Each structure stands twice: as C-alpha cells, then as structure tokens.
Amino acid sequence: MIVAEQKPLEDIIRMVRPYKKVLLLGCGTCTTVCNAGGETEVAFLHDALRMAEARAGDGRREYSEATLKRQCDPEFLEHLTERVEGVDAVVSLACGTGVQALAERFADLPVFPGVNTSFIGMAVEWGVWDERCAACGDCRLEDTGGICPITRCTKGILNGPCAGPKKGHCEVSPDMECAWILIYRRLERLGQLERMRRYYPPRNFRPISRPRRIVGKAGLEARGSHGDVTA
Amino acid sequence: MNTVAVRARRTPLSEHTIMPPCQVACPLHMDIREYVDLAAQGRLMEAMQVIRSGNPFPSICAYICAHPCEEACRRGQVDKPVAIRALKRFALEFGGDRMIEVEAETTRSERVAVVGSGPAGLACAYYLRKLGYPVTVFEAHSEVGGMLRVGIPRYRLPREVLDVEITRLTKMGVEIRTGTRVVSLDLVFDLGYRAVFLTVGAHQSLRMGIEGEDGAGVVDGATLLRELNLGLTPALGERVAVVGGGNVAMDAARSAVRLGVPQVSVLYRRTRAEMPADPREVEQALEEGIEFQYLVAPVRVRTREGRPEVTCVRMELGEPDQSGRRRPVPIAGSEFTERYDTLVTAIGQAPQVPDDFHVRIGRGSTIQVDPVTLSTNRAGVFAGGDAVTGPSTVVEALAAGRTAAGRIDDYLNHRYPLAPSDSEEEWMGDLRPETVATIRTTGRLEPPVLSREERTAGFAPVELAYDCQTATNEARRCLRCGLGAAIVAPDRCASCLTCVRVCPYHVPYADAEGAIHIPFDQCQACGICVGECPAGVIALRKAGELGQVDEELDHVLGSATRVTSKPMIVGFCCQYGVYGTGTLAGLWRGLKAGVWIVPVRCVTKVETGHLLRAFEMGAEGVFVAGCGEQCARENTGHWMRQRVAKVKRVLAQLGLQPERLEAFMWGENTHDPTEVLDEFAARVGGFYLDSVLLQEVKR
C-alpha cells in the first residue's frame, strides 16, 4: 500500500492563500488506510484551516470537503464534475498519482498536494508504517528470502552485509535491523544458505526507464460488441 | 452509486440499539441500561423519569424486586452483575420520586372492576386509569396492597413507600374499596362494571400433609405474616421452627427474630444450594442468628403440653426431579424429635378462588386464562398475578397487570387483541472468554445494611440507600450491552484495520474477504474506534450519542463568545467521574478566567475537530478532563492523549503555544482537580496577557 503523510499546515495554508473557494478532497483507499487523507483527516484539515483563518483574522475562505473512493482512476473523478464547479482550487489528500489524475482531468483547476507521498509499505502496528518496497521494477525477493535489500538496507547493496552492522543493527540507522542479517537468518531457516554464497551482479537500470507503463491487454484493434471493426 | 461524501463526518445511525439482556429479562422490559447510565452520570432526575416511564410502582420494585435483570446481566460473566435494583432505589430516592404526581383523565364511560389490590390489580388499575377508564379496586382486607401489605414484612418494604404509591393511585382517580370481599362476579356486572380483572393472589398456604399439622402451636407462614402485618403481635414463644426454603420462610423466620424469639430454626429438606429464597435474604438471615437445618423434613407433629413436638427425618439428595433440583430422599431410621413453641409451615402457597366466580380453575388451584389475552372462560373477566401463575414475583404481577389493562382496553373497544409486544428479540449471546479476559473486573458495590443489632431490634428497613459516589461507581460497571459500535457505511470502509488494532477488547475482526465485522454482542461501546476510524464510518448504536459533543460544544460556545471580559477556557469533562456532575463548575466560580464546561460521556467521544473548534471560536485554552483510572473502560485516557498530541502539533504549526491544550486524567497526572486546573488557568491567563500586550504594542 502507498503510505503518505500530511504536509505541514503552513505549507497548505501557503498553497491556498490566493484562493477563495477551496475543495479538500480525500481519497478512500491508500491514504485512508495510512491515516493521511481519509474522510476523518479531511475533516481535521478543514477544522485546522478554519481555525488558522480565525486566528490570523484574514479573509474567510470557503472550504468544502469530499472524499472519493480512489482519486487515481478517471471514472471516479467523473463524480467530481459538479462538485468542482465554482471551486477555485483543490487540495488533494491522495498520493501523487491522485493529484496528477485530478490535474489531468480538470485542466483549468489548480490542484495542490495535501500530503507527501512517502513510500510503499505496511503498518507494523497502529500508527506506525514501514517502507517495504522501492518499486524498482526488478524484483529479487526470490534470492533474498523474501526480504528486500534494495528497500531495507540503508545502502541498498545487493551483496551484503557490509562491514558495518552492530549487534544486528544498521550502522547508519541504529534503530533499524540490518536487512542482510535478516536475509541470512531467513535463508538459514529455509535451508538455502547457498544463496548467500552467490554474487549478485549490479542491477540493470536500462529496462526501468521512466515513466513506466504496463500494458496488460493484448494489442488488438478496438472492436464493437459483435466483433466488428467500429471505426 | 455516488462516491462523493460531502462533509458526512458521521453517517447518522437511527435508533438501532439492541435490547440488552437485562431489559429482555425484565417482565416490564424497563429501559435499565438507560437509567443505569444516567445514574452513572449523576443525572438522577432523568434516571428517575426513565424508571417511572416503565414501571407503575417503581419505588416498590426498588425495595423488593426479585431482579431477574441481574440474573441476566452480562457483567456477571466478568465478575458480578450490576446492582440494578439498588441503583433504581438510589435514583428514585435522590431523583425526587416522591414529588412526582401522576395525572389521569376520565375519557371513557365503561367502568372496570379490579378484584384484589395486590401489585397486579393496582398496576392494572394504574394503566386503565391512564387509558381513561373509571376503575374501582375491591380489597377484602382492611388495607390496600395485597401481598405487598400482608405478605411482605415491613423491614423489606417500608409501609410509607407503599402508602405513597397508593396515594398517588387514588389521586389519579382510582377508587379503592377496602374491607369489601367480592363473592360473586354476577353482582359486580350488575353494579354496572363492564369488565373485571381478577387478582386474588395466592394467600392459601399449602399443607404438608403430615399427622398433627392442625395441632396447637402450628401456624402457616402466610397467616403469621398476615396477622403480623395487619397489626397483631403473635406470641411465638422461645423456640420457633420454620419449615421451607423460600422467601416466605425467610420472611417468617426473620420476622420471628424481630418479634424477640431467641431461637429460630429453618428446616429445609434440601441443601442451601437448592433453596429458592434470594441468596442475599439467606445470608442476612444467617447474620441475624437464624439456624439452618438442611436435609431435614418433618414427618409427624404431636401436641404435648400445648406445644408441638416435631419428629423429623434426615434426607439425602437423589436424582433430579422435574424442577431440575435433586429430589430429597428420606434416610431410613434417621428420625429425631424436637420440641418447639411454634412450628411455622411455609412450603408454598396457592390461590383460593371462590366457586361462585364460576371461572375455570387449573393446576395448583390457579385460574386458567388465555396466555395472550389473560381472558378467562367468562366474557369480560380477565385474571392475572399469583392467582394465575401461583406464587411469583412482584414484577411479574406488575407486568401481568399492565398486559391486562391493554387487553381489557382491546376487549372494551371490540378490537382484536394486539400480539404480545415482546416479539423475539435478537438475543445477545454470552461474552466470549477472550472478551471477558480483557474487561477490567470491578467488584460489585452493595448498598449498606443496618447492623445485626439494629435490624433485629425491630422492623426497620434492613437495606439503606447508596451514597452518591458508591452508586456512581456501581452504575459505571454497566457494560452497555447492545449499544456497541457498528460500521454504518460498509462501502466506504477501507478495511484499514484501525478498529481491529485500537479496540482494547479485540472485538472487531476482518474476514477472509477482507470485510470488517464488529460483533454487536461483544462490543463494550467505549467509542475509541469511532473516533479513530479514518473513513469515519463507525458509529455507536444510539441516537443522541452521535453529535452529543457537537451540540454541547455549540451551546457552550454560543454563550461563551458573548462574554468577552475574561479569557475563555473550554473544558471537555467526563460526566462519569470526579469531573462530572457539575463538580467543576462549582469549583471554578471564583476564577479570573471564564471556564466553560462541555459535558461529555467519556473523553473518547471528544475528537480532534472538537478541540480545534474551541480554539477557532476564540478559546485561549482548552482542556480535557477524564476520569482516568476510575474509568470502567480500557485505554480511554491513552486515546485521548493521542488526540491531544495531534492537536498540539497543529497548534504549534499555527504559532500557538501547545501548552494551551492539556489533558487531565484522574490518577494519571492528578489527584487534585482544582490544583492542576488552577495551574492551567494561570498558564493560559499568562498567554492571554502576552497576546493582548503584543496586540497593544503592534498598535
């Protein structure tokens, strides 16, 4: 899941300053789950912004709230067409994809990010999320016992551990466990320690040129429901 | 489907509560959960009103109800049931029940006669009066109340309590004719009554069926109690034995002690575990020095020198009988003989219905009625109470009276009787052992009782009322069954697992499809998940709970913003604990700051938005005061602190001192509310002064 965190309030205040009518738009999927941009956070941001204005005593902005199931799919964005009428700007509490999808769909509307999209990760407990995947496009988890060194090793090295771990923890971030020691332990349990003896060549970044696109469907010509060529 | 939710922070949940087990078990289906909750907040007048709305004579029940609700109470699965009856008494006595007057208007011409002024008859009269019928109650004895008067001893039900309820009834316009024995129902109909409710009770003691039962010095329990309660002082002698193990036996034995009998024994043919009497009665009887002989049954009585000589046989317990209790079996050759001054038999009672009533009599001399309409074989004649059920409880009798009033109304309106209202409710199952393990045990707090000496010296009421603090703490033990959280908009639930993770009772769970469920019969209604749900789709199953804090806050801010002379401090105060019941408002009168209290039912109901709104509306300081370690729920203080910390971060970002917001939890950071709050007010006052000075300088 994508994990994000809400931007500092002063950043958001600065973004909306020139606008009169502002829509605060939540996302009902990833940012809801990571407590950054669901309905409750939208409401909280709304209260905080109103309070900021009341305290600053400057001209009252008109805020409204809405939350979509997902902001990263164009079909869901269609439900917003009426809601954004007369709105001067939108603060999206979705991940960067959602913000861009909005900007793409509503070409004349200023759209601002209300959260910093942080990483792909998981909750380790309530209110704590850890990064687990770098979306590198070249997954090696089959060799590393299901533990990603790209993400979880501070240095991202492919042939670890380095010489630095102290008592199983990383020398750079002493709070973090050394990914390569975790990998070793896990391979040991799986009886696959021979994988540790292998040399992993540097990653080939060539096939991961950005932006990436995945085409899942077969490249057929568009046809109507009866198989006729429509155009 | 429209996926846009416009500022729907909480989808309102219409009244969708589930009837709690106590209410299901109560024959009157009183809203127990509600009045216990009100009592826990110290809102006694409201609690009293809730009680009154569900019971015609609540003050009587407050003393002597057999409380089937407590048997059903699920707190009993954790430690012990909530002391519901004692709390009812507390709420009535301190909620001003004595001042209540009930009014009724006569809107009907059909007169109804009630034969018997016991609880069933009086309840029927009460509800018929409320329906507008002229009602006459006929009572054979010289005093009103039936078993309440002649059966139950004064030390259990003070006569003033009974008199107040009866006075109320006569003020409603119920005509009561004492000393009037009805001998024929034809005569009653001839007098112009259109319907009759028969509640003659079960006053006839059962016979033991042994030799010498009618000899001198042998008396039955019902007769003894009747004589005593109608003002006679029976001479019982020095040694009294009471045969039986029910409440009448206890009443007779304990009355004997109060009459000054030095040696009172109870002979019971089974053991203490099988005794039908209220265990608390048995306990108190033991305290009063009554001797209990178990597994003993009299087989023969001989009169010697005018005193009964009782031969008993020892018993042992055999196979269970129809009642599920183990049948006592005599042990051959174990007979022994004792001499007493009086032998009281209290092995059960049955109704005695005059033959001239011409109503069909069934098993155990009881009147046969239709279970739904309570009608007998005679047109216009209805029956209820002990006369139909055999000896039962007061609350059963009241319920029968209420039902009868409804059915008589149907009959007189030529209306098809409405189906019984207690349709099959969704029954709440037991708490799971895992849930029980997470609920904090808090021992049941009993009301104080008179000392043994004070009790046995006379017929003073044994049980005293709670003091305020004890009652509040006892009421807070209620688990609020059936008010639990529910996911009101499953389509918007993101299955984020927040509720699963924050619940202190491990109630919510995700199924294999990823859908979240909150089993209603396990939820403790603490409200933590409601505030933490990032999608805002969880609500408690009680209208009024929703938006309660918003309303109170609006109300407070509405008044507070008009007062500009003092810096405004808003305090969200838990209503259940030390900060509740107006304690603070009193303490704060002398302060320089204007302190405005928003009453909340547990601090978990205060959400981050509420705190921000108070600041938005101009509060210089905001505090949340919770009952902390006194809380009946788990982790409430912890979650309050989480929210306070979050708002403090926002305050800092806006350039306000985070110290303007504080959470006070009783026992965690304070044992003296006044001290910490004074300190807080001084601090906020300082900030206020600074900001005022700053504005002056800017000018």
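Residues numbered from 1 in each chain as written. Chains lettered and ligands numbered in written order. Predicted model: local features only at pLDDT ≥ 70, side-chain atom pairs only at ≥ 80, totals over all residues. Heavy atoms only, no water.

Enquirer: Kindly report on the overall build of chain A, identifying the contributing residues and their values.
Expert: When you go through chain A residue by residue, the secondary structure sums to eight helices and seven strands. Relative to a compact globule of 231 residues, whose C-alpha radius of gyration would be 17 Å, chain A shows 23 Å and is clearly more extended. Along the first, second and third principal axes, the C-alpha atoms of chain A reach 65 × 60 × 30 Å. Relative to its full complement of 231 residues, chain A shows a buried share of 39%. Sequence-distant contacts in chain A: of pairs separated by 6 or more residues, those separated by 24 or more amount to 58%. (Helix = DSSP H or I, 4+ residues; strand = E, 2+ residues; numbered from the N terminus. Rg over C-alpha atoms; globule rule 2.2 N^0.38 Å. Buried < 20%, exposed > 50% of the residue type's maximum accessible area, 1.4 Å probe, protein only. Contact = heavy atoms within 4.5 Å.)

Enquirer: Can you explain the overall build of chain B? Please cite residues and give values.
Expert: Assigned secondary structure in chain B consists of 25 helices and 24 strands. Structurally, chain B occupies a C-alpha span of about 105 × 60 × 60 Å along its principal axes. Relative to its full complement of 699 residues, chain B shows a buried share of 55%. Sequence-distant contacts in chain B: of pairs separated by 6 or more residues, those separated by 24 or more amount to 73%. Per element, the accessible surface of chain B, about 29,300 Å² overall, is 51% carbon and sulfur. Across chain B, 79 positive and 87 negative side-chain charges occur, with their mean positions spaced 2 Å apart. (Areas by Shrake-Rupley, 256 points an atom, 1.4 Å probe, with all protein chains shown as cover. Lys, Arg positive; Asp, Glu negative; His and termini not counted. Charge placed at Lys NZ, Arg CZ, Asp CG, Glu CD.)

Enquirer: Hey, could you go over the domain arrangement of chain A for me, with residue numbers and the actual values?
Expert: Per the domain assignment, the segments making up chain A are domain 1 (2-118) and domain 2 (135-208). A straight line from the C-alpha centre of domain 1 of chain A to that of domain 2 of chain A covers 38 Å. (Domains from an automatic or database assignment.)

Enquirer: Quick one: what's the story with the domain arrangement of chain B, residue by residue and with numbers?
Expert: All names here are of chain B. Partitioning chain B into domains gives domain 1 (21-100 + 427-475), domain 2 (111-202 + 351-412), domain 3 (204-347), domain 4 (485-540) and domain 5 (549-698). Each of domain 1 and domain 5 has a C-alpha centre, and the two are 33 Å apart. Across the boundary between the two partners, domain 1 contributes eight residues, which contact eight residues of domain 5. Summed over both partners, the interface of domain 1 with domain 5 buries about 780 Å², with 35% contributed by carbon and sulfur atoms. For the domain 1 face of the interface with domain 5, the top three residues by lost area are Asp-37, Gln-41 and Arg-440, together amounting to 59%. Applying the counting rule to domain 1 against domain 5 returns one salt bridge. (Buried area = accessible area lost by both parts, 1.4 Å probe. Salt bridge = Lys/Arg side-chain N within 4 Å of Asp/Glu carboxyl O.)

Enquirer: Which residues make up the pattern of salt bridges, and what are the values?
Expert: Residues and elements named next belong to chain B. A complete count under the given rule lists 55 salt bridges over all chains for this structure. The residue Glu-143 makes a salt bridge to Arg-149 at a minimum N-O spacing of 3.6 Å. Among the salt bridges present, the one from Lys-648 reaches Glu-662, with a minimum N-O distance of 3.6 Å. With Lys-648 in helix 24 (residues 636-653) and Glu-662 in strand 24 (residues 661-665), the pair connects residues that are 14 residues apart, well separated along the chain. On the accessibility criterion, Glu-662 (18% relative accessible area) is buried.

Enquirer: Explain the sheet that holds strand 4 (residues 193-198) of chain B to me, using residue names and the numbers behind them.
Expert: All names here are of chain B. Strands sit in the order 3-2-1-4-16 across an open sheet of five strands; the sheet is parallel. The outermost strands of the open sheet, each flanked by one partner alone, are strand 3 (175-177) and strand 16 (381-383). On average, adjacent strands in this sheet sit at an angle of 20° to one another, irrespective of strand direction. Looking at chain direction, strand 2 (residues 135-138) and strand 3 are connected through three bridges and run parallel. When the sheet's bridge partners are listed, Phe-138 is paired in strand 3 with Arg-177. (Pairing = 2+ DSSP bridges. Axes fitted to C-alpha atoms, helices over the stretch in contact; angles between N-to-C directions.)

Enquirer: Tell me about the pairing of strand 7 (residues 128-133) of chain A, residues and numbers included.
Expert: Residues and elements named next belong to chain A. Pairing analysis gives five bridges linking strand 6 (residues 115-125) to strand 7, with the strands arranged antiparallel. Each bridged residue has a counterpart across the sheet, and for Ala-123 the counterpart in strand 7 is Trp-129. Between strand 6 and strand 7, which pair antiparallel and follow one another directly, the connecting turn spans two residues, one of which, Gly-127, has a positive phi of 80°.

Enquirer: Lay out the confidence of the model for chain B in plain terms, naming residues and giving numbers.
Expert: The predicted model of chain B averages 88 in pLDDT, with 92% of residues at 70 or higher. Per-residue pLDDT stays below 50 along residues 1-14 of chain B; that stretch engages in 49 contacts with residues further than four places along the chain or on separate chains. (pLDDT = per-residue confidence, 0-100.)

Enquirer: Residues and numbers for the interface of chain B and chain A, please.
Expert: With 42 residues of chain B at the contact, the number on the chain A side is 34 residues. Taken together, both faces of the contact between chain B and chain A bury some 3,100 Å²; the carbon and sulfur share is 56%. Summed over the shared surface of chain B and chain A, the number is three salt bridges. The residue Glu39(A) makes a salt bridge to Arg492(B) at a minimum N-O spacing of 2.4 Å.

Enquirer: An account of the packing of aromatic side chains is requested, with residue identities and associated values reported.
Expert: Residue and element names in this part refer to chain B. The final tally for this structure, using the stated rule, is 13 aromatic pairs over all chains. Geometrically, the ring pair formed by Phe-292 and Tyr-294 is stacked, given 5.9 Å between the ring centres and 25° between the ring planes. Look at Tyr-294 and you get partly exposed, because its relative accessible area is 26%. An aromatic cluster is defined as three or more aromatic residues linked by ring pairs; in this entry it consists of Phe-57, Tyr-126 and Tyr-127. The ring of Tyr-193 carries Arg-111 above its face, with NZ or CZ at 4.4 Å from the centroid. Across from the ring centre of Phe-459, 4.8 Å away, lies the NZ or CZ of Arg-154, which sits over that ring. (Phe/Tyr/Trp six-rings, centres within 6.5 Å; stacked < 30°, edge-to-face > 60°. Lys NZ or Arg CZ within 6 Å of the ring centre and 35° of its normal.)

Enquirer: Describe the nonpolar core, with residues and values.
Expert: Residue and element names in this part refer to chain B. In this structure, Val-570, Phe-572 and Leu-611 are the most contacted members of the largest nonpolar core, which totals 129 residues. It is helix 15 (residues 394-412) that provides the largest number of residues to this core, a total of nine residues. If we ignore the near neighbours within four places in the chain, the residues touching Phe-572 are Val-549, Leu-553, Val-598, Val-600, Val-606, His-610, Leu-611, Val-622, Phe-623, Val-624 and Ala-625. Within the second largest apolar cluster, 32 residues are counted, among which are Leu-483, Cys-493, Val-537 and Ile-538. (Core = buried A, V, L, I, M, F, W, Y, C linked by side-chain atoms within 4.5 Å.)

Enquirer: Got a sec to walk through the state of the cysteines? Specific residues and values, please.
Expert: Tallied over the full model, the rule gives zero disulfides over all chains. There is no disulfide at Cys170(A), and the cysteine sulfur nearest it, in Cys153(A), is 6.7 Å away. Of all cysteine sulfurs, the one in Cys631(B) lies closest to Cys602(B), which takes part in no disulfide; the gap is 4.8 Å. (Disulfide = S-S within 2.5 Å.)

Enquirer: Could you give an account of helix 2 (residues 32-40) of chain B, with specific residues and numbers?
Expert: Residues and elements named next belong to chain B. By the criterion of burial, helix 2 is predominantly enclosed, with eight of the nine residues buried. For helix 2, the full list of buried residues reads Ile-32, Arg-33, Tyr-35, Val-36, Asp-37, Leu-38, Ala-39 and Ala-40. Two residues or fewer after helix 2 comes Gly-42, characterised by a positive phi angle close to 75°.

Enquirer: Residues and numbers for the sheet that holds strand 21 (residues 568-574) of chain B, please.
Expert: Each strand in a sheet pairs with its neighbour through backbone hydrogen bonds, running either in the same direction (parallel) or in the opposite one (antiparallel). All names here are of chain B. The four strands lie next to each other as 22-21-23-24, forming an open sheet whose pairing is parallel. Strands at the two margins of the open sheet, each flanked by one partner only, are strand 22 (594-600) and strand 24. Between one strand and the next, the sheet's axes are offset by a mean angle of 20°, whatever the strand orientation. Here helix 21 (residues 548-560) sits on the sheet and contacts strand 21 and strand 22; the angle it forms with strand 22, its principal contact strand, is near 165°. Packing of helix 23 (residues 608-616) onto the sheet brings it into contact with strand 21, strand 23 (621-626) and strand 24, and relative to strand 23 it is tilted by some 145°.

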